[in-house]
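Structure at a glance
Each chain, written out:
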Amino acid sequence: MDRRDSLKLMGMGAVALADPQIGLTAVAAQRPVRNWIWIRPDDKQTDAQRRDLFRMYKRYGIYGVFIEWYHEATFKAAANAGLSTHLWMWTTNRRDQWIRDNHPEWYAISRSGKSCFDQPPYVEYYRWVCPSRKEVGDYLEQFVRDHLKKPYVQGIHLDYVRFCDVILPVELWPTYNLVQTEEMPDYDFCYCEVCRSKYKTLYGKDPKDIAYPSDQYSWRKFRYDAVTQLVNRLAKVVHAQKKPITAAVFPTPEIAQRIVRQDWTRWNLDAFCPMVYHSFYLEPERWIGEAVEQGVFGLRDAKPLYAGLYLPAFANDNAFEMGVRYARRNGASGISLFGDVTESQLKILAALK
Ligand SMILES: [Zn+2]
């Protein structure tokens, strides 16, 4: 089947959104299936426990793990078990003491003038830095270079690679006592000096003077592009070392643009792990398939998409299996699991490979 035919097939998938079984594209169907797990190193684990855990993952056909920070024993055990080991890094949400001490001006500023340095939105750990600043890119590039030199780091996985949520997933609104049917000034970023002057140079206007910022499309795009340029800069560094770079992104290209200013289908990455966390959006398992189909279509089949599933959202193993099936039938080249993975879930994944 040639490229044109596969594009035609994709078009059919988009039209047939109502039936989440139709979206699977020819190219996606031919890709090897790769399943992943996001993991957090645990200091209390012994080497033997790590070895046994990663061997079990491998036995059930898990391809790789995203490890939340550099913990050599964890990287080593996973690599020795034959898993692909990627450093899972927080990208534009940075609490680094060094940045706090030396560059408080790197922190993003809301439309209401509050800096993530001392007035973080929603939660204490939301310390967003501004992607428009060259120095932020320099710092992150160095962080990536330093980590690529460490033993057993086989790839880089970007997370929190975006602006602060201008709109939270709807499930979280009651938690913060908010109704976010519109973009609110405290959560709309970034209005720092650098963003304002760069935008003004391009469009002749200070973003602070925009009457309806949520509907100023050049101002939206300016921010998508700020993140895209940062990501592509990091991708260049990783690719120069012949290693892969992937990212955890918001569930569909449209949702990602609208609520966190991610335009991820333009990113020069090797694979994408959209967090299709259906419960966050008050959707049933079926929606996982629809979201995956939109992502696969957005990527034009050029790169694999591994559907990120949020394990606490599944009531039981049957629901989990449905989620996996919806993702796979709609073109996901694999699954990435977030949460406490059980052996029965690994069995289901292995059986559907
Ligand atoms: Zn800024």
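Read on for an overview of the structure. (Residues numbered from 1 in each chain as written. Predicted model: local features only at pLDDT ≥ 70, side-chain atom pairs only at ≥ 80, totals over all residues. Heavy atoms only, no water.)

At the metal site, the zinc ion is ligated by Cys130 (SG), Cys190 (SG), Cys192 (SG) and Cys195 (SG), and these contacts range over 2.3 Å. Taken together, the 4 donor atoms coordinating the zinc ion span angles of 96 to 117° at the metal, a pattern that classifies the geometry as tetrahedral. Site description for the zinc ion: donor spacing in sequence, C-x59-C-x1-C-x2-C. Here Cys130, found in the loop between helix H5 (97-102) and helix H6 (134-148), pairs with Cys195, found in helix H7 (residues 193-203); they are 65 residues apart in sequence, far enough to count as distant. (Donors = N, O, S within 2.8 Å, 3.2 Å for Na, K, Ca; no water. Tetrahedral: all angles 85-135°; square planar, octahedral: opposite > 155°, others 65-115°. Helix = DSSP H or I, 4+ residues; strand = E, 2+ residues; numbered from the N terminus.)

Extensive coverage of strand E7 (residues 306-310) is indicated by the burial of 4 of its 5 residues. By the bridge criterion, 5 bridges tie E7 to strand E8 (residues 334-338) in an arrangement that is parallel. Of the residues in E8, the one forming a bridge with Leu309 is Leu337. On the question of chirality, the crossover connecting E7 to the parallel E8 by way of helix H11 (residues 317-329) is right-handed. (Buried < 20%, exposed > 50% of the residue type's maximum accessible area, 1.4 Å probe, protein only. Pairing = 2+ DSSP bridges. Right-handed = clockwise from strand over helix to strand, strands pointing away.)

Overall, the coordinates contain 24 salt bridges when judged by the stated rule. When the shortest N-O distance is used, the salt bridge between Asp138 and Lys134 registers 2.9 Å. One end of the pair, Asp138, and the other, Lys134, are both in helix H6, 4 residues apart, so they sit about a helical turn from each other. Here Asp138 falls in the partly exposed class, since its relative accessible area comes to 29%. A residue is classified by how much of its surface remains accessible, and Lys134, at 54% relative accessible area, is exposed. Residue Lys149 is joined to Asp146 by a salt bridge in which the shortest nitrogen-to-oxygen separation is 3.9 Å. (Salt bridge = Lys/Arg side-chain N within 4 Å of Asp/Glu carboxyl O.)

Attention now goes to the layout of surface pockets. Each pocket or cavity is described by its volume, and for the largest pocket that value is around 1,100 Å³. In terms of lining residues, the largest pocket is bounded by 38 residues, among which Arg40, Trp88, Tyr277, Tyr310 and Phe338 are the most central. Listed by contribution, the elements that provide at least two residues to the lining of the largest pocket are strand E1 (35-39), helix H3 (47-59) and strand E3 (84-90). (1 Å grid on protein atoms, 1.4 Å probe; cavity = no way out; pocket = protein on both sides within 12 Å on 5 of 7 lines; lining within 4 Å. Points joined across faces, edges and corners; volume = space filled by probe spheres on them.)

The next thing to look at is the side chain of Glu141. Within the secondary structure layout, Glu141 lies in helix H6. A relative accessible area of 14% means that Glu141 is categorised as buried. Excluding residues that lie within four positions of it along the chain, Glu141 makes contacts with Arg233, Leu234 and Val237. (Contact = heavy atoms within 4.5 Å.)

Moving on, we come to helix H10 (residues 286-298). Over its 13 residues, H10 runs 19 Å from end to end, which matches the ideal 18 Å to within 8%, given 1.5 Å per residue. Within the span of H10, buried status applies to Trp287, Ile288, Gly289, Ala291, Val292, Glu293, Gly295 and Val296. (Expected span 1.5 Å × (residues − 1).)

Quick look at the sheet that holds E3 now. Strands belonging to one sheet form pairs held by backbone hydrogen bonds; the direction of such a pair is parallel or antiparallel. The strand order E6-E5-E4-E3-E2-E1-E8-E7 describes an open sheet built from 8 strands, whose pairing is parallel. With one partner strand each, in any of the chains shown, strand E6 (271-274) and E7 form the two edges of the open sheet. Ignoring which end each strand starts from, the neighbouring axes of this sheet average 25° apart. With 3 bridges joining them, strand E4 (residues 155-159) and strand E5 (residues 245-249) adopt parallel strand pairing. Bridging from a neighbouring strand, Leu158 pairs with Ala247 of E5. Packed on one face of the sheet, H3 meets E1 and strand E2 (62-67) and runs near 135° to E2. The sheet contacts of H11 involve E7 and E8, and relative to E8 the element is tilted by about 140°. (Axes fitted to C-alpha atoms, helices over the stretch in contact; angles between N-to-C directions.)

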